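Structural overview for review
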Amino acid sequence: MSNYDYIIVGGGSSGCIVAARLVREQGARVLLLEAGSGRYDPVLKMPAGYMKFLASDAYLTMHQTEPQPQLDGRGVIVPQAKVLGGGSTVNAMVYMRGHEQDYADWNSAIDGSGIDWSFSSLLPHFMAIEDNDHLGAPFHGVGGPMKVSHLGHFSPLSRAYVKAMQGLGIPYTPDFNNGNPFGVGFMQHTIDWTTRKRCSVVDAFITPLQNDPNLTIETHASVSEVLFAGDKAVGVAYRRQGKEKRAEASREVILAAGAYQTPKLLMLSGIGPEAELARHEIALRHALPGVGRNLQDHYEVPVVATTNGAFGYYGQDKGWPLIKAGLQYLLFKSGPVTTTGVETCAFFNPTDFRATPTIQMFCVPTIYLDRDVLGADPDHGVTVNSLLLRPKATGSVTLRNRDPVAPPQVDTQIFGHPDDLATTLGGLRFARKVIAAEPLRGMVAKEIFPGPDISSEEDIAAHCRRMVKTGYHPVGTCRMGRDDDPLAVLHPDLRVRGVQNLRVVDASMMPNIISGNTNAIVMAVAHRAADLIMGNERLQSEQQEAVA
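The model shown is predicted, which means the values in this text are computed figures rather than measured ones.

We now examine the UniProt feature "binding site: FAD" (unreviewed entry) in the protein chain. Within this numbering scheme, the UniProt entry marks Val83, Asn91, Ala92, Met93, Val94 and Val223 as carrying the feature "binding site: FAD" (unreviewed entry). The greatest C-alpha distance among the annotated residues, which extend across 141 residues, is 29.5 Å, indicating that they are dispersed rather than converging on a single site. Its place among the elements puts valine 83 in the loop between strand S4 (77–81) and helix H2 (87–90). In this structure valine 83 comes out as buried when scored by relative accessible area, which is 1%.

Our focus in this paragraph is the UniProt feature "domain: Glucose-methanol-choline oxidoreductase N-terminal" (unreviewed entry) in the protein chain. If you check UniProt for "domain: Glucose-methanol-choline oxidoreductase N-terminal" (unreviewed entry), the listed places come out as residues 81–104 and 258–272 in our numbering. From the first C-alpha to the last, residues 258–272 spans 16 Å; its make-up is 73% helix and 13% strand.

Before going further, it helps to examine the side chain of arginine 497. Mapped onto the elements, arginine 497 comes out in the loop between strand S25 (469–470) and strand S26 (502–504). Within the local environment of arginine 497, its side chain forms a polar contact with the backbone oxygen of leucine 490, the two atoms lying 3.3 Å apart. Ignoring anything within four residues of it in the chain, the contact list for arginine 497 reads His286, Leu288, Gly481, Arg482, Asp483, Ala488, Val489, Leu490, His491 and Pro492.

Turning to its location among the elements, alanine 283 is positioned in the loop between helix H8 (274–279) and strand S17 (286–287). Considered as a pair, alanine 283 and isoleucine 533 are 250 residues apart in the sequence and their alpha carbons are 29 Å apart.

Tallied over the full model, the rule gives 10 aromatic pairs. A centroid spacing of 4.8 Å and a plane angle of 50° characterise the contact between phenylalanine 348 and phenylalanine 430, whose relative ring orientation is tilted. Here phenylalanine 430 lies in helix H11 (residues 418–435) and phenylalanine 348 lies in strand S19 (residues 344–348), a separation of 82 residues in the sequence. Accessibility expressed as a relative area gives 0% for phenylalanine 348, which makes it buried. Through successive ring pairs, a cluster of aromatic residues spans Tyr103, Trp106, Trp117, Phe119 and Phe126.

Relative to the elements of secondary structure, methionine 267 occurs in helix H7 (residues 258–268). For methionine 267, a relative accessible area of 0% gives the class buried. When the C-alpha atoms of methionine 267 and alanine 237 are compared, they prove to be 14 Å apart, with 30 residues separating the residues in sequence. Here methionine 267 is in contact with Gly272, Pro273, Glu276, Leu277, Ile282, Val291, Val397, Thr398 and Leu399, once residues within four sequence places are set aside.

A few words on unusual backbone geometry. Note: most residues except glycine have negative phi, and most peptide bonds are trans. Omega for the bond connecting alanine 137 with proline 138 falls within 30 degrees of zero, at 10°, which places this linkage in the cis form. Mapped onto the elements of the fold, proline 138 is located in the loop between strand S6 (130–132) and strand S7 (146–150). One non-glycine residue, histidine 220, lies in the positive phi region at around 55°. Checked against the element boundaries, histidine 220 lands in the loop between strand S12 (215–218) and strand S13 (221–229). Since its relative accessible area comes to 47%, histidine 220 is described here as partly exposed.

Moving on, we get to the sheet that holds S6. The strands making up a sheet associate through backbone hydrogen bonding, with each pair oriented either parallel or antiparallel. Taken together, the four strands give an open sheet; going across it, the order is S5-S9-S7-S6, and neighbouring strands pair in mixed fashion. Only two strands of the sheet have a single neighbouring strand rather than two, namely strand S5 (94–95) and S6. For S7 and strand S9 (residues 188–189), the ladder comprises two bridges, and the chain directions are antiparallel. Looking at S9, one finds that serine 149 is bridged to histidine 189.

Before going further, it helps to spend a moment on the pattern of salt bridges. For the structure shown, the criterion picks out 26 salt bridges. Note that arginine 240 and glutamate 218 form a salt bridge whose closest N and O atoms lie 3.9 Å from each other. Within this pair, whereas arginine 240 is found in strand S14 (residues 232–240), its partner glutamate 218 is found in strand S12, the two being separated by 22 residues in sequence. When sorted by exposure, arginine 240 lands in the same class as glutamate 218, which is buried. For arginine 482, the salt bridge identified is with aspartate 484, shortest N-O distance 3.1 Å. A residue is classified by how much of its surface remains accessible, and aspartate 484, at 60% relative accessible area, is exposed.

Another point: the pairing of S19. The buried fraction of S19 amounts to five of the five residues, a majority that puts the element mostly inside the structure. Neither face of S19 is open: one carries Thr344, Ala346 and Phe348, the other Cys345 and Phe347, and all of them are buried. Where strand S8 (residues 183–186) meets S19, four bridges bridge the pair, whose relative direction is antiparallel. Opposite phenylalanine 186, over in S19, you have threonine 344 as the bridge partner.

Another aspect to go through is the side chain of asparagine 91. Structurally, the position occupied by asparagine 91 is in the loop between H2 and S5. Beyond its immediate stretch of four places on either side in the chain, asparagine 91 contacts Tyr50, Arg198 and Asn519.

Taken together, the side chains of Trp320, Ile323, Leu327, Leu330, Leu331 and Phe332 present a nonpolar region at the surface, about 720 Å² in accessible area. Looking at where tryptophan 320 falls in the secondary structure, it is placed in helix H9 (residues 319–332).

Procedures and definitions
Residues numbered from 1 in each chain as written. Predicted model: local features only at pLDDT ≥ 70, side-chain atom pairs only at ≥ 80, totals over all residues. Heavy atoms only, no water. UniProt positions renumbered as here; feature names shortened; annotations may be inferred. Helix = DSSP H or I, 4+ residues; strand = E, 2+ residues; numbered from the N terminus. Buried < 20%, exposed > 50% of the residue type's maximum accessible area, 1.4 Å probe, protein only. Polar contact = N/O pair within 3.5 Å; in protein donor to acceptor, adjacent residues only side chain to side chain. Contact = heavy atoms within 4.5 Å. Phe/Tyr/Trp six-rings, centres within 6.5 Å; stacked < 30°, edge-to-face > 60°. Pairing = 2+ DSSP bridges. Salt bridge = Lys/Arg side-chain N within 4 Å of Asp/Glu carboxyl O. Patch = residues over 30% accessible without salt bridge, like charges linked within 9 Å, V, L, I, M, F, W, Y side chains within 5 Å. Areas by Shrake-Rupley, 256 points an atom, 1.4 Å probe, with all protein chains shown as cover.

Listed below in structure tokens is the structure:
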């Protein structure tokens, strides 16, 4: 059995950052275990390349969620990365930090703990990670490992959307990441502006350490259980290349497998709701009713229209347009390949522009839906998606069975609270105003979804239930909280309650979801988690020296 200082389960955004910092700054011996591959198609390095794999299981696990009665029996599919680098390797690369109120709510959830999780407390971690192409202090970092930049190309539809929103009273903003994301503008992405290639956490944090003997990375490694000696986590059991393996950790086991897999692994290890463990005949190690509860995600519903010209990206992925764009990218690092295809968004409350935003509205310069769902042929078009920022309904993650390889059961509870559907309806009505506003109006041929004949509240609600999809941002299933919170899984320093030497550093730690794309905050949380881990190590050393 191999021995390390730390074992990190999950080689995504959080796991890679924590591993890199522990190795580089503490000289620790770290084993990083990733269930997916360590290699991927080089097309994913191109900003537009991720779109080729959106429906592929090559680097994604497609979680079929439970049927939802409130969606007339639909169960949406939610992808999760299965590749080293996690979401940062396969996502749309949007860099968004959320609203300062989100973090104030985190602090409310851990009130009196002595640890500050406010936006201002996390800002130094955001800045330490970041190397921004043109934004600097007081909100942005320069010289960090993670490259952040604007895209290299914008479509006419994206530009028209930004102008149309301003005409409707939504002001232009040059920066969504100052703690108050309000207005319309162009999003920043984790793209290296010098090469116009994706900057993943592997590029930023792991590659510089590829020859460091203290960092061991094993891919295709499926962890089945956290091992304990009494109440102390001492290692993990996992399967790799058909062989059962074990590894020991002398300091901590760190879970970074994401909002679905982290609670699943805790339950398989005997930590979770008593009834759920008993249902699968898993011996109870420590009862934590909150494991797998509090699942939150962003959900979006589209308004789709055809356009009267080639203003977006339809047809750009085949034939001569593909060849031309590829040559332009290879020779000049410019053109359509330098965009993710989702270039702009707006944050606002459609019923009160002065209030905290409830909707993040994206403009996608194409028909962003499957033709079988649409009932319409592919064509030049535009999709305006209203994404619900802070849903009130919460879902759950439970075990399908006790087989470590089996996917968990995911109950999303989309529109499980009436306010969530009402807020989404408000966003959709505003989206219809957007496509009817100049200069976008002059480009639109006709609305095809929901369609001009769909006008009643009942019919629009039916459209929402039929078309709602994930925003790919599941969080919250091992939330941190106060000692008197029965559903709190983590202490505010991210240690798992009731056991020793076990910590969670991924998106499942969030008490409430962040208002925006979640990869940036996952990276900042991981950066801070490394400080907490190393700080605890120093404190323990000082205490041991004092006793001696």
